[in-house]
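Next come the chains, spelled out residue by residue.
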Amino acid sequence: MNSKIIIHGGFFSESGTNNEVKIAKQEALTEIIKKSSSYLKTHSALQTVIYAVSLLEDCPLFNAGLGSQIQSDGKIRLSASLMDGKSQKFSGVINIEDVKNAIQVAEKLMSEEDRVLSGSGALEYARQNGFEYFNPETPQRRKEYEEKLNASIGLGTVGCVALDKDGNIAAGTSTGGKGFEIPGRVSDSATVAGNFANSSAGISCTGVGEDIVSAGLSVKIVTRVTDGMSLEDASRKSFEELKPYDGFAGIIGISSTGEIYHCDSHPYMVWAAYDKEMSVFS
Ligand code: ASP
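So, here's what we can say about the structure.

**Digging into the sheet that holds strand β8 (residues 201-207)**
Ordered by their spatial adjacency, four strands build an open sheet running β7-β8-β9-β10, and the pairing between neighbours is antiparallel. Each end of this open sheet is capped by a strand with a single partner; those strands are β7 (195-197) and β10 (260-264). Neighbour-to-neighbour, the strand axes of this sheet turn through a mean angle of 10 degrees, independent of strand direction. For β7 and β8, the ladder comprises three bridges, and the chain directions are antiparallel. Its bridge partner being in β8, Ala197 is matched across the sheet by Gly202. Lying over the sheet, helix α7 (residues 217-226) contacts β7, β8 and β9 (249-255), oriented at roughly 150 degrees with respect to β8. Across the sheet, helix α8 (residues 231-240) is in contact with β8, β9 and β10; its angle to β10 comes to roughly 15 degrees.

Structure, rendered in C-alpha cells:
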C-alpha cells in the first residue's frame, strides 16, 4: 500500500486578500508536508499525524500552538484531538492553557481510560506528565487582539490525515479556537465532529466550530465512506447539507482505498497533500 498524507492550515487568517500571508502559509505547508511524508515512510499513520500536527503547532503562522488566537478575556486556550482509525480510539484536550503542543497531550491521553480532558484538569494532567509551561502568544496575535479584529477572519486551525503502508488511517486536529470567544466555548476540533477516523477513512475539519458540530461533519463523512460512498461523494453530499444554514467549513480526508480529498464551503483554505507527488493548494 502506498502511504499518503494530507495536511491543512485552516482558512488563512488576518485578511482574506492578504497575498503575503497566503504565500507564507503555503511555503510553511510545503516544508511540513515534505518532512511529514518522509517521516510516514518509517512510522505509522498515528505517529505521523502527531509529528505533522506538532510541526504545524510550532509554526506561528497558524492558529494552533504557538501563534494561537487570543480569547475574549485575553487568554489563549488550546484544543486538539487525535483519532487512531485502527484502534478506534479518540483522545483530546479542550481549552488547555500554557502548553506548547496540545496534540502531544492528546497523544499521552490515548493510553488512558479517561481520554478527553478539559481546562484545569487537562492542564494538571499535562504538568504531571512533563509538559512544561509555554506561552503560545505572539506579538502579532496580541496586536490583533488589541485591535479587536473580528473572530470570523481569524480561522487558521491545523490538521493532518495519514494512511500508512499497512493501510491504517489516523487523523489529528489542533486549534487556538476562533478568537475572541467567550471563555469556556468548546471548539469542534476536539470532538468527533471536527476530527474522526476509522478503518475506512479519516477527516480533519476547520471552519466555524458551531457549524461543524451542527453537521457532525467528520463522523458523518467517514460513516458515509464506511457505508460504501467514495470520499468525494460523501464529502460533497455532506457539504450540500451545510448550505441551508450557510455552514462555514473545510475538510481534508483520506480513504482506505487511497482517495485523497479536500473541499471547503468558502475560499482561502490552505492545505497540502503528498501522494505520488506533492501538491499545495489554497
Ligand atoms: N474550528 C475552529 C473553531 O471553531 C476554528 C478553525 O477551524 O479555525 O474553534
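**So, the nonpolar core**
With 42 residues, the main nonpolar core has Ile7, Phe62, Leu82, Val93, Ile96 and Val105 as its most contacted residues. Element by element, the count of residues in this core is highest for helix α2 (residues 45-58), at seven residues. In contact with Val105, other than residues within four places in its own chain, are Val93, Ile96, Tyr125, Ala126 and Phe131. One finds Phe11, Phe239, Ala249 and Cys263 within the second-largest nonpolar core, a separate group that totals 34 residues.

**Considering the packing of helix α1 (residues 19-40) against α2**
α2 packs onto α1 with a crossing angle of 160 degrees between their chain directions and a minimal axis gap of 9 Å. Classified by the angle their axes make, α1 and α2 are roughly antiparallel. Every pair of crossing elements has a handedness; the one defined by α1 and α2 is right-handed. From α1, Leu29, Ile32, Lys35, Ser36, Tyr39 and Leu40 reach across to α2, where they touch Ala45, Gln47, Thr48, Tyr51, Ala52, Leu55 and Leu56. Its residues assigned to classes, the contact of α1 with α2 shows nine nonpolar, three polar and one charged.

**Observations regarding the environment of His262**
Secondary-structure assignment places His262 in strand β10. You can call His262 buried: its relative accessible area is 17%. Distance from His262 to Asn129, taken between C-alpha atoms, is 35 Å for residues 133 residues apart in sequence. In this structure, His262 is in contact with Ile6, Ile251, Ile252, Met269 and Trp271, ignoring residues within four places of it in sequence. Within the structure, the side chain of His262 is placed 3.0 Å from the side chain of Asp264, a separation counted as a polar contact. Of the polar contacts made by the side chain of His262, one reaches the side chain of Trp271; its length is 3.1 Å.

**Describing the site of the ligand**
The ligand sits among 13 residues. The nearest are Thr157, Arg185, Asp188, Thr206 and Gly207. Within the side chain of Asp188, an N or O atom sits 2.6 Å from a nitrogen atom of the ligand. Side-chain polar atom of Thr206 to an oxygen atom of the ligand: 2.6 Å apart, as the coordinates give it. Surface burial for the ligand is 100%, taken as the share of its 270 Å² of free accessible area covered by protein chains. Classifying every residue of the shell around the ligand gives two nonpolar, eight polar and three charged.

**Focus: helix α3 (residues 102-109)**
Given 3.6 residues per helical turn, the α-helix brings residues three or four places apart onto the same face. Along α3, the residues that are buried comprise Ala102, Ile103, Val105, Ala106 and Leu109. Buried positions in α3, seen along its axis, are confined to an arc of 155 degrees and lie on one side of it. Packed against the buried residues of α3 are α2, β2 (78-84), β3 (89-96), β4 (116-118), α4 (119-128) and β6 (169-175).

**Structural notes on the packing of aromatic side chains**
For any pair of aromatic rings, the description consists of the separation of the ring centres together with the inter-plane angle of the planes. In total, this model carries three aromatic pairs according to the counting rule given. On the numbers, 4.6 Å between centres and 70 degrees between planes, the contact of Phe11 with Phe248 is edge-to-face. Linking Phe11 in strand β1 (residues 4-11) with Phe248 in the loop between α8 and β9, this pair joins segments that are 237 residues apart in sequence. Consider the rings of Tyr39 and Tyr51, whose centres lie 3.8 Å apart with planes at 0 degrees: the pair is stacked. Residue Tyr39 is located in helix α1, and its partner Tyr51 is located in helix α2; the two are separated by 12 residues in the primary sequence.

**Concerning the pattern of salt bridges**
Enumeration according to the criterion identifies 12 salt bridges in this entry. A salt bridge links Arg142 to Glu137; its shortest N-O distance comes to 2.8 Å. The network of salt bridges with common partners includes Asp73, Arg77 and Glu97.

Calculation criteria
Residues numbered from 1 in each chain as written. Predicted model: local features only at pLDDT ≥ 70, side-chain atom pairs only at ≥ 80, totals over all residues. Heavy atoms only, no water. Pairing = 2+ DSSP bridges. Helix = DSSP H or I, 4+ residues; strand = E, 2+ residues; numbered from the N terminus. Axes fitted to C-alpha atoms, helices over the stretch in contact; angles between N-to-C directions. Contact = heavy atoms within 4.5 Å. Core = buried A, V, L, I, M, F, W, Y, C linked by side-chain atoms within 4.5 Å. Buried < 20%, exposed > 50% of the residue type's maximum accessible area, 1.4 Å probe, protein only. Parallel < 35°, antiparallel > 145°, perpendicular 65-115°, else oblique. Left-handed = near helix turned anticlockwise from the far one by under 90°. Nonpolar A, V, L, I, M, F, W, Y, C, P; charged D, E, K, R; others polar. Polar contact = N/O pair within 3.5 Å; in protein donor to acceptor, adjacent residues only side chain to side chain. Near = heavy atom within 4 Å. Areas by Shrake-Rupley, 256 points an atom, 1.4 Å probe, with all protein chains shown as cover. Arc of directions from axis to C-beta. Phe/Tyr/Trp six-rings, centres within 6.5 Å; stacked < 30°, edge-to-face > 60°. Salt bridge = Lys/Arg side-chain N within 4 Å of Asp/Glu carboxyl O.

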